[in-house]
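Fold and contact review
Single-letter residue listing:
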Amino acid sequence: MPKVLRSVVTAVGGYLPEQVVSNDDLAKFVDTSDEWIRERTGIQQRHKVRDDEPVSDLAVAAARVALERAGKTPDDVDLIIVATTTPDLTFPATAAIVQRKLGCPVGIAFDVQAVCSGFVYALSVADGFVARGRSKCALVIGADAMTRLMDWNDRGTCVLFGDGAGAVVVEPMEGEGTADDRGLIGFALRCDGTKQDLLYVDGGASTDGRIGHLRMQGNQVFRHAVVNISEAINSAAADAGIDVAAVDWFIPHQANLRILQGVAHRCGIDEDKVVTTVMHHANTSAASIPLAMNAAVEDGRIQPGHLLLLEAMGGGLTWGACVVRL
Ligand code: ACO
């Protein structure tokens, strides 16, 4: 069988801002309670950026960890993709700012905007470069400061989100073209633009010129998430040529404990295989999957050769899944 080029995730890193905000902290100024938030979402706390801490700083911190673990330096990096909904500036892309701050050579750098699905979308875009031999060392970063988009008077949304960044290094390696290869081996990406009103930000550069606030019909998003993510998971598994039951770790977007348990149950994934970090940092949008991956690598659960299933859903509505063998 002819060899094929695969995009292999060789390292992961994460970063959470220092400031921790507990549910009780929020209950001091919003009509909510620690009990309600834990029961409905599993969230116990979130991290929050300082006023002078742009998303590029979070991205750079996560990227430095991933590069060091991959044995790479900024000089090696020829592609940077940042998945974010909360860029430092309307332009340039946050990826360009990250390139400057890391001191990477002139290469390719741009952002991907698919909200909470951004990291899965960005991985598939990186695969288009790496698996065609057009990048030797790519940084794929999910970074968001969702607290900047909150309406702090809306208890239905402001308790759900937090800030953070996660990064992976992706490098080309030859494989056999089978499901046993290391690398990104299966994808399914989806968007249904007719569902915009369920989850969006009510401002923008070409409409009212404001940054805006996040607006969400939570229970409808919840319903859509459990049903449609399951379909994308099965499609990604078919694309990879694997059985969903064969995955070692399920790494869902960390939005709500009940959503990720519901999806796992619907797809027949054992509870012990679900990586859950939402309690520690709430919904960090595009950062949540690499942050969860990072946690399970750091505590030794994820090992080389393991088969991972990633999934996410976010504004758009966008959603998708990806199968990765480390
Ligand atoms: N504290 C206390 N009570 C609250 C709070 C709160 N923080 N928020 C809402 N409530 C109240 C509501 O006002 C309502 O009260 P009422 O019955 O008197 O009218 C009651 O709780 C029930 O509200 P629901 O919205 O029906 O509660 P639900 O069980 O659906 O939980 C939640 C709400 C947690 C938002 C849930 O719907 C959810 O998690 N949805 C998915 C949201 C999500 O994950 N979005 C992110 C997607 S990713 C992205 O791209 C951004």
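Remember, predicted model here, so these are calculated numbers, not experimental data.

Thoughts on the site of the ligand
Around the ligand there are 27 residues in total, and Thr32, Arg40, Cys116, Asn256 and Gly314 lie nearest to it. In the model, a nitrogen atom of the ligand is placed 2.9 Å from a nitrogen or oxygen of the Arg155 main chain. Placement of the ligand is best described as lying within the second largest pocket. Mapped by element, the contributors of at least two residues to the shell around the ligand are helix H2 (34-41), helix H6 (155-158), helix H7 (218-240), helix H8 (257-266) and strand E12 (307-314). Considering each element in turn, the shell around the ligand owes the most residues, 4 residues, to H7.

Considerations on the domain arrangement of the protein chain
Here the protein chain is described as being made up of domain 1 (4-175) and domain 2 (183-325). Listed by partner, the interface residues are 52 residues for domain 1 and 48 residues for domain 2. Regarding the contact of domain 1 and domain 2, the summed buried area is about 3800 Å², with carbon and sulfur atoms giving 66% of it. Linking domain 1 with domain 2 are 2 salt bridges, by the criterion used here. Ionic pairing is found between Asp151 and Arg215, a salt bridge with its closest N-O pair at 2.9 Å.

Notes on the pattern of salt bridges
Taken as a whole, this structure holds 17 salt bridges when the rule is applied. With a closest N to O distance of 2.8 Å, Arg6 and Asp181 form a salt bridge. Of this pair, Arg6 sits in strand E1 (residues 4-15) while Asp181 sits in the loop between strand E7 (163-175) and strand E8 (183-191), placing them 175 residues apart in sequence. Among the residues examined, Asp181 registers a relative accessible area of 6% and is labelled buried. Across the salt bridge formed by Arg190 and Glu231, the nearest N and O atoms sit 3.0 Å from each other. Taken together, the positions of Arg190 in strand E8 and Glu231 in helix H7 put the pair 41 residues apart, joining distant regions of the chain.

Reading the values: the criteria
- Residues numbered from 1 in each chain as written.
- Predicted model: local features only at pLDDT ≥ 70, side-chain atom pairs only at ≥ 80, totals over all residues.
- Heavy atoms only, no water.
- Near = heavy atom within 4 Å.
- Polar contact = N/O pair within 3.5 Å; in protein donor to acceptor, adjacent residues only side chain to side chain.
- 1 Å grid on protein atoms, 1.4 Å probe; cavity = no way out; pocket = protein on both sides within 12 Å on 5 of 7 lines; lining within 4 Å.
- Sits in = over half its atoms within 2 Å of the grid points.
- Helix = DSSP H or I, 4+ residues; strand = E, 2+ residues; numbered from the N terminus.
- Domains from an automatic or database assignment.
- Contact = heavy atoms within 4.5 Å.
- Buried area = accessible area lost by both parts, 1.4 Å probe.
- Salt bridge = Lys/Arg side-chain N within 4 Å of Asp/Glu carboxyl O.
- Buried < 20%, exposed > 50% of the residue type's maximum accessible area, 1.4 Å probe, protein only.

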